Amino acid sequence: MTVHFPFQNSYSALPDSFFARVAPTPVAAPRLIKLNRPLALQLGLDPDLLETPEGAAILAGKTVPDGADPIAMAYAGHQFGHFVPQLGDGRAILLGEVIDKDGVRRDIQLKGSGPTPFSRRGDGRAALGPVLREYIVSEAMFALGIPTTRSLAAVVTGEHVMRETALPGAVLTRVASSHIRVGTFQFFAARRDTEAVRRLADHVIVRHYPELRNAERPYHALLAGVVARQADLVARWLLVGFIHGVMNTDNSSISGETIDYGPCAFMDAYNPSQVFSSIDEMGRYAYANQPRIALWNLTRLAECLLPLFSDEQEKAVAEAQDILGAFSDQFSAAYQAGLRRKVGLFTERDGDEALIQDLLDAMAKNQADFTLTFRKLGDAAVDDSADARAQFMEPAAFDEWAGRWRARIALEPQGASERQAAMHAVNPMFIPRNHRVEAVIQTAVDDDNYAPFEELVKVLAKPFDDQPEYAAYADPPLPDQRVLQTFCGT
Ligand code: AMP
Ligand code: MG
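Residues numbered from 1 in each chain as written. Chains lettered and ligands numbered in written order. Predicted model: local features only at pLDDT ≥ 70, side-chain atom pairs only at ≥ 80, totals over all residues. Heavy atoms only, no water.

Some remarks on the overall build of the chain
Within the chain, the secondary structure is distributed over 17 helices and 12 strands. Relative to the globule expectation of 23 Å for 490 residues, the C-alpha radius of gyration of the chain, 23 Å, shows essentially globular dimensions. In terms of its C-alpha atoms, the chain occupies a principal-axis envelope of roughly 65 × 60 × 40 Å. By the burial criterion, 57% of the 490 residues in the chain qualify as buried. Long-range contacts, defined here as pairs at least 24 residues apart, represent 71% of the contacts in the chain between residues at least 6 apart. (Helix = DSSP H or I, 4+ residues; strand = E, 2+ residues; numbered from the N terminus. Rg over C-alpha atoms; globule rule 2.2 N^0.38 Å. Buried < 20%, exposed > 50% of the residue type's maximum accessible area, 1.4 Å probe, protein only. Contact = heavy atoms within 4.5 Å.)

This is the structure:
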C-alpha cells in the first residue's frame, strides 16, 4: 500500500510570480517521532500508512507523494517595522492542498525541508527544538479553541543543522487553511502589480471568505473580514495569556489563524508588558501591545488593497480608514466579553469593566499567575477563595476584590455549580508553560527521549479538564525554573 494524499491544489495554479516550484531536498535517515493521528484522519490520510517508513520519507521530504505540486510561496513583509520586499518560504515547501472531512481546504506544508529560491543565506532547515516547540504550542492552541495552524507530524532527519552548535535536524508538517499572509499582498503591492493583488484577493475571497463573493464591494468586504478575524484572534490570545513574539506582517495570516510559532510563549505571572522573545528588544510585540500591532499590520494590508478600492486615491484611503476604524471596537467587544466569561458573569452591568480591570491590576501588582487565578476563581464560585487568593503576593488585595465580585455575582440567578462549570470551560487548567516546554525539548534533543514530550502533548490536549493525575503540569515555574527568554531558533 502506498500513502495516498488526495491533493486538490489551487494555489499552484495561480500565475508563476506567486511562487517558485521546488522539491524538498532528501534527507539522510528520516525517523517519525510524532504523528497527529486524529488530524491525519481529519485530512483524509491513513495514519497507519503515514507511520510506515514510506510515510516517514514523505513527511521528511525524502519522497514526494503523487499529486503533490511542491512550491515555495512568495511573500514580503514588515519585520519589526522595516519593510523587506522579498522574504518568501525560505525553509518551507507547500506539498499541496487537500479537502478535509468538513469540506475545508487545508495546506500541507513541510517546514525545514531544504533550501528554496527564497532561502537567502539560510540553510532551509529546522532544528528539532523549534519543531517540537511549534508542535506543542500549536496543538495546545487548537485544544484551547483558538484559530491556528496545526501540526501533523514531526520527523528527525538524521542530519545535523548548524546553529550556534550542531543540532539534530527535523521537519514539521504544518497544516493551515492557507499560508497566505499580509506579506503575500505586500509582495505584489510593492511591485505595483495591481493585477496580481486582484488575483490574490479573488483567490482569498473564494477560499476564506466565500460569503463575500457577491458583496457589492468585495474587496472592501474582504478587508473588513480580515479586520474582524484578526480582532477576534488577538482578543483570544490575550484571554489565555499568549504572546506571539514576532507579529511581523509576514507572520500575520489572512485566514485569521495563529501562524509561525517562533519565540512565542504563554505568560505565567500576569504582566501586561511581558516580552519573552530575545529579538524583541524594544518590546514591540509585548503582550498588551498585540492589539495595536494587529491593527498596524491590517493597515499595511489596507494599503495593498487601495488600488482595488478606487482609482481616486483620497477616496480609497478614506474608505480604508473607515473599515480599519472598526478594529478597536471589535477587539474590545471580544476581549471584554471574554473577560466577563472568565470571571463568571452571565449578564452585563455598569461597572463590570472596572471591576474586572481592578482584578487585572491587582494581579499585575501581586504577580498572580494568570492561568491559575482565573481557574481557581471558578472554584471560588462554589467554595471558598483559598486557592485563588494564594496566587497573590498580598492575599488581602484579592480579598478586597473578591468581596465586590461575590456581591456582583449574587445579582445573577445562575447557581454556583453552573457558574463554576461555565468558568472552567473558558479558563484552562493547563497551558504550555515555558519551563515545561523547554524541559521536554531538552530531553528530546539531549537524550533522544520523547516520552516527556508525548506526555506534555497529551495533557495539553485537554486543557479544560482537571486531570488530577497530571496536576503538576498546572504549576507555575519555581523561581529557578523560570524561563526569561525564548528564541526563534531559525
Ligand atoms: P520567520 O522568522 O520564521 O518568520 O522567518 C522569516 C523569513 O526567514 C522567512 O522568509 C523564512 O522563510 C526565512 N527563514 C527562516 N529560517 C530560515 C532558514 N533556516 N533557512 C532559510 N530561510 C529561513
Ligand atoms: Mg514567518
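Section: the coordination of the magnesium ion (ligand 2)
Octahedral metals with six donors have ideal donor angles of 90 or 180 degrees. Tetrahedral metals with four donors have an ideal donor angle of 109.5 degrees. For the magnesium ion (ligand 2), every protein donor is listed as Asn251 (OD1) and Asp260 (OD), and the spread of their distances is 1.9 to 2.1 Å. The buried category is assigned to asparagine 251, whose relative accessible area is 13%. (Donors = N, O, S within 2.8 Å, 3.2 Å for Na, K, Ca; no water.)

Focus on the packing of aromatic side chains
Counted according to the given criterion, the structure contains 18 aromatic pairs. With centroids separated by 5.3 Å and ring planes inclined at 45 degrees, the aromatic side chains of phenylalanine 392 and phenylalanine 398 adopt a geometry described as tilted. Exposure class is identical for phenylalanine 392 and phenylalanine 398. Each is buried. Members of the aromatic cluster, joined through ring pairs, are Tyr11, Phe18, Phe187 and Phe188. Sitting above the plane of the tryptophan 296 ring, arginine 284 keeps its charged end 4.7 Å from the centroid. Positioned above the aromatic ring of phenylalanine 374 is the side chain of lysine 342, whose terminal nitrogen or guanidinium carbon lies 4.7 Å from the ring centre. (Phe/Tyr/Trp six-rings, centres within 6.5 Å; stacked < 30°, edge-to-face > 60°. Lys NZ or Arg CZ within 6 Å of the ring centre and 35° of its normal.)

What about the side chain of glutamate 257?
On the secondary structure map, glutamate 257 appears in the loop between strand S11 (242–243) and strand S12 (265–266). Despite its burial, glutamate 257 pairs with no opposite charge; the closest candidate is arginine 106, at 5.6 Å N-O. Residue contacts for glutamate 257: discarding those within four places in its chain leaves Pro147, Thr148, Thr149, Ala176, Ser177, Ser178 and Leu233. (Lys, Arg positive; Asp, Glu negative; His and termini not counted. Salt bridge = Lys/Arg side-chain N within 4 Å of Asp/Glu carboxyl O.)

Some points on the side chain of serine 385
Its place among the elements puts serine 385 in the loop between helix H12 (370–380) and helix H13 (386–389). Residues contacting serine 385, with those up to four places away along its chain left out, are Ala380, Phe398, Ala402 and Arg406.

Focus: unusual backbone geometry
One non-glycine residue with positive phi stands out, namely aspartate 448, at about 55 degrees. Residue aspartate 448 is classed as partly exposed on the basis of its relative accessible area of 42%.

Digging into the domain arrangement of the chain
We note that the domain assignment places domain 1 (11–179) and domain 2 (183–336) within the chain. Counting residues at the interface gives 37 residues for domain 1, matched by 40 residues for domain 2. Carbon and sulfur atoms supply 59% of the area that domain 1 and domain 2 bury against each other, a total of about 3,200 Å² over both sides. At the boundary of domain 1 with domain 2, the tally comes to three salt bridges. The residue arginine 174 makes a salt bridge to aspartate 260 at a minimum N-O spacing of 2.6 Å. (Domains from an automatic or database assignment. Buried area = accessible area lost by both parts, 1.4 Å probe.)

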